[in-house]
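Breakdown of the fold
The lines below spell out each chain.
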Amino acid sequence: MELQRELQGDKTVLTLPDDVTIYTVAELKEALSSLLHQGQELELNLANVTEIDSAGLQLLLAAKKTALANGYPLHLVWHSHAVLELLELCQLSGFFGDPTLLPHAEHP
């Protein structure tokens, strides 16, 4: 699975797809693996995520733990409504410690 990746100074911003579920998490894990061991700051842009399940949440937890164990920051940014709902349901917003900002919806 090809993920949108952008280098911004000393950090990499990775935009996750709309589906972060048991059906896609193995491919996402493989795509994330090299980035998680590069030793630099990583941001996961969650704005496009419309569907996330417990497997997707486990992927985010494992990514955060790997980054912490290797001594570099990993931040979740632009949380979608689906992500926010799951983090609140599981009471995990505090674990990640990132501000939970939603993308601005433009009104016609």
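Residues numbered from 1 in each chain as written. Predicted model: local features only at pLDDT ≥ 70, side-chain atom pairs only at ≥ 80, totals over all residues. Heavy atoms only, no water.

Per an unreviewed UniProt entry, the protein chain carries the name STAS domain-containing protein and comes from Aeromonas enteropelogenes.

1. Some remarks on helix H3 (residues 81-89)
What counts, and what does not: Between buried and exposed lies partly exposed: a residue is buried under 20% and exposed over 50% of the maximum accessible area for its type, with that area taken using a 1.4 Å probe on protein chains only. Counting from the N terminus, the helices are the DSSP runs of H or I reaching at least four residues and the strands are the DSSP runs of E reaching at least two. Comment: arc refers to directions from the helix axis out to C-beta atoms.
Among all positions in H3, only Val 83, Leu 84, Leu 86 and Leu 87 are buried. Looking down the long axis of H3, one finds its buried residues gathered within 165° of arc, a one-sided arrangement. Residues of H3 that are exposed and angled more than 90 degrees away from the buried face: His 81, Glu 85, Glu 88 and Leu 89. Gln 91 lies just past H3 and shows a positive phi near 55°.

2. Observations concerning the pairing of strand E1 (residues 4-8)
To be explicit about the condition: For two strands to be treated as a pair, DSSP must find at least two bridges joining them.
Of all the 5 residues making up E1, 0 are buried; the element is thus mostly uncovered. Bridge analysis of E1 against strand E2 (residues 11-15) gives 5 bridges, and the strand direction is antiparallel. Across the sheet, Arg 5 pairs through a bridge with Leu 14, a residue of E2. What sits between E1 and E2 in their antiparallel hairpin is a turn of 2 residues, with Gly 9 showing a positive phi close to 65°.

3. Considering the packing of aromatic side chains
Each aromatic ring pair is described using two quantities: the centre-to-centre distance and the angle formed by the ring planes. This is how it is decided: For Phe, Tyr and Trp, rings pair up if their centres lie within 6.5 Å, where Trp contributes its six-membered ring, and each pair is then called stacked (planes under 30 degrees apart), edge-to-face (over 60) or tilted (otherwise).
Scanning the model with the defined rule gives 1 aromatic pair in all. On the numbers, 5.1 Å between centres and 85° between planes, the contact of Phe 95 with Phe 96 is edge-to-face. Judged by its relative accessible area of 34%, Phe 95 is partly exposed. Assessed through its relative accessible area of 5%, Phe 96 is described here as buried.

4. Remarks on the side chain of Asn 45
The criterion, for reference: Whenever two N or O atoms come within 3.5 Å, that pair is a polar contact, provided that in protein one can donate a hydrogen and the other can accept it, and provided that, for residues adjacent in sequence, both atoms are side-chain atoms. For this analysis, residues touch if any pair of their heavy atoms sits within 4.5 Å.
Looking at the secondary structure, you find Asn 45 in strand E4 (residues 41-45). Judged by its relative accessible area of 15%, Asn 45 falls in the buried class. Of the polar contacts made by the side chain of Asn 45, one reaches the backbone nitrogen of Ala 47; its length is 2.9 Å. Once you skip the residues sitting within four places of it in the chain, Asn 45 turns out to touch Val 13, Leu 14, Thr 15, Leu 16, Val 77 and Trp 78.

5. Examining the nonpolar core
Rules: The nonpolar core is taken to be a set of buried Ala, Val, Leu, Ile, Met, Phe, Trp, Tyr and Cys residues, with the residues joined through side-chain atoms within 4.5 Å.
Counting residues in each nonpolar core, the largest one holds 28 residues, and the members touching the most others are Leu 14, Leu 16, Leu 42, Leu 44, Leu 46, Leu 60 and Leu 74. Within the residue set of this core, elements represented by two or more residues are helix H1 (25-36), E4, helix H2 (54-70), strand E6 (74-77) and H3. Ignoring any residue separated from it by four or fewer positions in sequence, one finds Leu 74 in contact with Leu 36, Leu 42, Leu 44, Ala 63, Lys 64, Ala 67 and Asp 98.

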